[in-house]
Each structure stands twice: as C-alpha cells, then as structure tokens.
Amino acid sequence: MPPEPEPEPDTASAIRTPPVLRRVVADDHPALWGLLEPVLRAGDTYAIDPDIDRAAALAWWCGGTHRAFVAEAGGDLLGSYYLCPNQGGGGAHVCNCGFVTARAAQGRGVARAMLGHALDTARAAGFHAMQFNFVVATNTRAIALWRAHGFDTVGRLPGAFRHPTAGFVDALVMYRQL
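Computed from a prediction, not measured in an experiment: that's the story for all the values here.

K.L.:
How should the overall build of the protein chain be read in this particular structure?
P.N.:
Assigned secondary structure in the protein chain consists of 4 helices and 7 strands. Ordered by position from N to C terminus, the α and β elements of the protein chain give β-α-α-β-β-β-α-β-α-β-β. Seen along its three principal axes, the alpha-carbon backbone of the protein chain occupies a region of about 40 × 40 × 35 Å. Scored against the burial criterion, the 178 residues of the protein chain give a buried share of 49%. In the protein chain, the share of contacts with a sequence separation of at least 24, taken over all contacts with a separation of at least 6, comes to 65%. Per element, the accessible surface of the protein chain, about 8,000 Å² overall, is 53% carbon and sulfur. Of the charged side chains in the protein chain, 15 are positive and 16 negative, and the gap between their average positions amounts to 4 Å.

Have a look at this one:
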C-alpha cells in the first residue's frame, strides 16, 4: 500500500547526492507527520481513515513491528518507509513495507533510494520475500517502480478500494523474492 513513489528519474531533477537513510528517531516526528499528513488526508493511496490524528498516525507508522526509516538530505526529510513482517508464524519470512515521499521531492529518485535500502535491509534481516498487500491500482507511479524492481502482481482485488475521486478501484498484491 505504498503511496506515490516515483519511477527512475531521467531528468536533471534527480537528486544529485543520494539521501541518507536512517532509522526514525523521536526528533523526526514533527517532520515525519509533515510527510504523512497530506498523503493520509488525501485518502487516495492508503486504506487508513483520512481523519487519523497525528499521534495515531505516528504510532501506526513507527510502532508495533514496524521498523521506520527516513530519507534525509540537507537536514530535510524527503521520504520515509517502514518495514515489518507481513504475517506472524509461518508467514514471518515475508516482509511488508509502506512508503511516502515528500511532495516537493517526488520525481527525484527518493522512493527508488528508499526501495533499494528496504530490499537490502529486508535481506539483512533474514526475510525471503517482500509483499505489498494493497497497492491501489490508480497509484501508477508506485506500480511502475515496484515492477521495475522485480515485483509481480500476484493478485487483484476488484473494487477493493474506495478512491475519493475515482470511486471503487482495484487493489493489487505485489510480491518478489529476495
């Protein structure tokens, strides 16, 4: 269910220096909320209540089994992602992620850098595969990026997401081995 990552950039707008990717710390929470709030309020990529408050959103993004990371450059947060087991028990070898990129940083390779970091982090953590459970079919930038990095669509959930402007749209399950 990742929102709006960008495909491989081929213009001068690409980031010149790759962002630093690191774990989220409490001091990041105000800026992280600044990344999450517009995406969650838009209601067009995550199956989350668009009226979620700051505390609940940060607890969801950074809490539980989620390991949250940020992409930072020049002191600014450009994006964030979380990584967690997709299921427990016999499914705990497959991870799941969620991504968000700052609107001003879209199209600059930030999501691509975060995905590379997530794939490396998942392998290092012993995961055997990565799965996106609920990629909204209208999120074409995310779908293009995931496909470009070896993810296959392994399931389609017809009309599973109520998009605020497009109505009922499909959600995809995307998967790749690590």
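K.L.:
Honestly, the nonpolar core in this entry has me stumped. Any pointers?
P.N.:
In summary, soluble globular proteins display a tendency toward joint burial of nonpolar side chains. The biggest cluster of nonpolar side chains holds 48 residues, and the ones touching the most others in it are Phe99, Met130, Phe132 and Trp146. With 7 residues, helix α3 (residues 110-124) is the single largest residue contributor to this core. Phe134, Phe161, Val169 and Ala171 belong to the second largest nonpolar core, which has 5 residues in total.

K.L.:
What is the right way to read the environment of Asp152 from this model?
P.N.:
One can find Asp152 in strand β6 (residues 152-163). Distance in space between the C-alpha atoms of Asp152 and Ala73 is 31 Å, their sequence separation being 79 residues. Here Asp152 is in contact with Val173, Met174 and Tyr175, once residues within four sequence places are set aside.

K.L.:
Which parts of the structure should I look at to understand the packing of aromatic side chains?
P.N.:
Aromatic ring pairs are defined here through the distance separating the ring centres and the angle between the ring planes. Tallying each qualifying case throughout the model produces 13 aromatic pairs. Ring centres of Trp61 and Tyr82 lie 4.8 Å apart, and the angle between their planes is 90°; on these two criteria the pair is classed as edge-to-face. With Trp61 in helix α2 (residues 54-62) and Tyr82 in strand β3 (residues 76-85), this residue pair connects regions lying 21 residues apart in the sequence. We note that Trp61, like Tyr82, is buried. Centroid distance Phe99 to Trp146: 5.1 Å. Interplanar angle 50°. Geometry classified as tilted. You can see Phe99 sitting in strand β4 (residues 94-101) and its partner Trp146 sitting in helix α4 (residues 140-148), a full 47 residues away along the chain.

K.L.:
Honestly, the side chain of Ser80 in this entry has me stumped. Any pointers?
P.N.:
One can find Ser80 in strand β3. A distance of 2.9 Å separates the side chain of Ser80 from the side chain of Trp61, its partner in a polar contact. Within the local environment of Ser80, its side chain forms a polar contact with the backbone oxygen of Phe69, the two atoms lying 2.6 Å apart.

K.L.:
I keep staring at the packing of helix α1 (residues 29-42) against α2 and nothing clicks. Help me out?
P.N.:
Two elements in contact, α1 and α2, have axes separated by 10 Å at closest approach and are oriented at 100°. One finds that α1 runs roughly perpendicular with respect to α2. Only Arg54, Ala57, Leu58, Trp60, Trp61 and Cys62 of α2 make contact with α1, whose side of the interface consists of His29, Pro30, Leu32, Trp33, Leu36 and Leu40. Among the residues making up the contact of α1 with α2, the classes are represented as 10 nonpolar, 1 polar and 1 charged.

K.L.:
Would you mind showing me how to read the side chain of Arg176 here?
P.N.:
With respect to the element layout, Arg176 can be found in strand β7 (residues 167-177). In this structure Arg176 is buried but unpaired, with Asp120 as the nearest side chain of opposite charge at 8.3 Å. Of note is the side chain of Arg176, whose polar atom sits 2.7 Å from the backbone oxygen of His149. Other than its neighbours up to four places away in sequence, Arg176 contacts Leu119, Arg123, Ala129, Met130, His149, Gly150 and Phe151.

Calculation notes
Residues numbered from 1 in each chain as written. Predicted model: local features only at pLDDT ≥ 70, side-chain atom pairs only at ≥ 80, totals over all residues. Heavy atoms only, no water. Helix = DSSP H or I, 4+ residues; strand = E, 2+ residues; numbered from the N terminus. Buried < 20%, exposed > 50% of the residue type's maximum accessible area, 1.4 Å probe, protein only. Contact = heavy atoms within 4.5 Å. Areas by Shrake-Rupley, 256 points an atom, 1.4 Å probe, with all protein chains shown as cover. Lys, Arg positive; Asp, Glu negative; His and termini not counted. Charge placed at Lys NZ, Arg CZ, Asp CG, Glu CD. Core = buried A, V, L, I, M, F, W, Y, C linked by side-chain atoms within 4.5 Å. Phe/Tyr/Trp six-rings, centres within 6.5 Å; stacked < 30°, edge-to-face > 60°. Polar contact = N/O pair within 3.5 Å; in protein donor to acceptor, adjacent residues only side chain to side chain. Axes fitted to C-alpha atoms, helices over the stretch in contact; angles between N-to-C directions. Parallel < 35°, antiparallel > 145°, perpendicular 65-115°, else oblique. Nonpolar A, V, L, I, M, F, W, Y, C, P; charged D, E, K, R; others polar. Salt bridge = Lys/Arg side-chain N within 4 Å of Asp/Glu carboxyl O.

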